[in-house]
Amino acid sequence: MKLLVTGAIIGVLLVVFVFAWIYLASQGKVPVIQAPLAWVSGPIRLLALLILAALIGVVYFKMFPARKRQT
């Protein structure tokens, strides 16, 4: 349960950060990446997103390994 709460808090903070950055970027107050990514196909973008999520999961479980339950 603690892991679920921690994940939810981190998720909410991440979403708030992204929306705050987008808002500030629209106001011209923070840098904006000007990368021409229009040529990158949708499946490649999805694959990159899945790889990034897998890497984050691996790092997380290396830092916080699951506890073994004693039966």
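Our subject is the structure that appears above.
Within any chain, residue numbers begin from 1 and follow the written order of that chain's sequence. At least 70 in pLDDT is required for a residue's local features to be given in this predicted model, at least 80 for side-chain atom pairs to be given and counted, and no such filter applies to totals for whole chains, interfaces and linings, which use all residues. Side-chain metrics rest on all non-hydrogen atoms present in the structure, leaving aside hydrogens and water.

Trainee: Looking at this structure, how should I read the packing of aromatic side chains?
Mentor: Remark: the centre distance and the inter-plane angle together describe each pair of aromatic rings, the angle taken between the planes. Aromatic contacts are taken between Phe, Tyr and Trp rings whose centres are within 6.5 Å, Trp giving its six-membered ring; a plane angle under 30 degrees counts as stacked, one over 60 as edge-to-face, and the others as tilted. Counted according to the given criterion, the structure contains three aromatic pairs. Taken together, a centroid distance of 5.6 Å and an interplanar angle of 80 degrees make the contact between Y60 and F61 edge-to-face. In this scheme, a residue with accessible area under 20% of its type's maximum is buried, one over 50% is exposed, and one in between is partly exposed, where area comes from a 1.4 Å probe on protein chains only. The partly exposed category is assigned to Y60, whose relative accessible area is 23%. In textbook terms, an aromatic cluster arises when at least three aromatic residues are bridged by ring pairs, as seen for Y60, F61 and F64.

Trainee: Hey, could you run me through the layout of surface pockets in this one?
Mentor: Remark: the empty space left among the atoms is shown by a probe the size of a water molecule rolled over them. Both site types are read off a 1 Å grid over the protein atoms alone. A 1.4 Å probe that fits but cannot get out defines a cavity, while an open set with protein on both sides within 12 Å along at least five of seven lines defines a pocket; lining residues have an atom within 4 Å of a point. Grid points are joined across faces, edges and corners, and a volume is the space filled by probe spheres set on the points. Looking at the largest pocket, its volume works out to about 420 Å³. Helix numbers and strand numbers start at the N terminus; a helix is a DSSP run of H or I with at least 4 residues, a strand a run of E with at least 2. At the level of secondary structure, the elements contributing two or more residues to the lining of the largest pocket comprise helix 1 (2–26) and helix 2 (42–63). Ranked by residue count, the leading element in the lining of the largest pocket is helix 1, at three residues. Put simply, Ala, Val, Leu, Ile, Met, Phe, Trp, Tyr, Cys and Pro go in the nonpolar bin, Asp, Glu, Lys and Arg in the charged bin, and everything else, Gly too, in the polar bin. Partitioning the lining of the largest pocket into residue classes produces seven nonpolar, one polar and three charged. The volume enclosed by the second largest pocket comes to roughly 160 Å³. Contributing to the lining of the second largest pocket are L3, T6, G7, I10, G11, I56, Y60 and F61. Only helix 1 and helix 2 provide two or more residues apiece to the lining of the second largest pocket.

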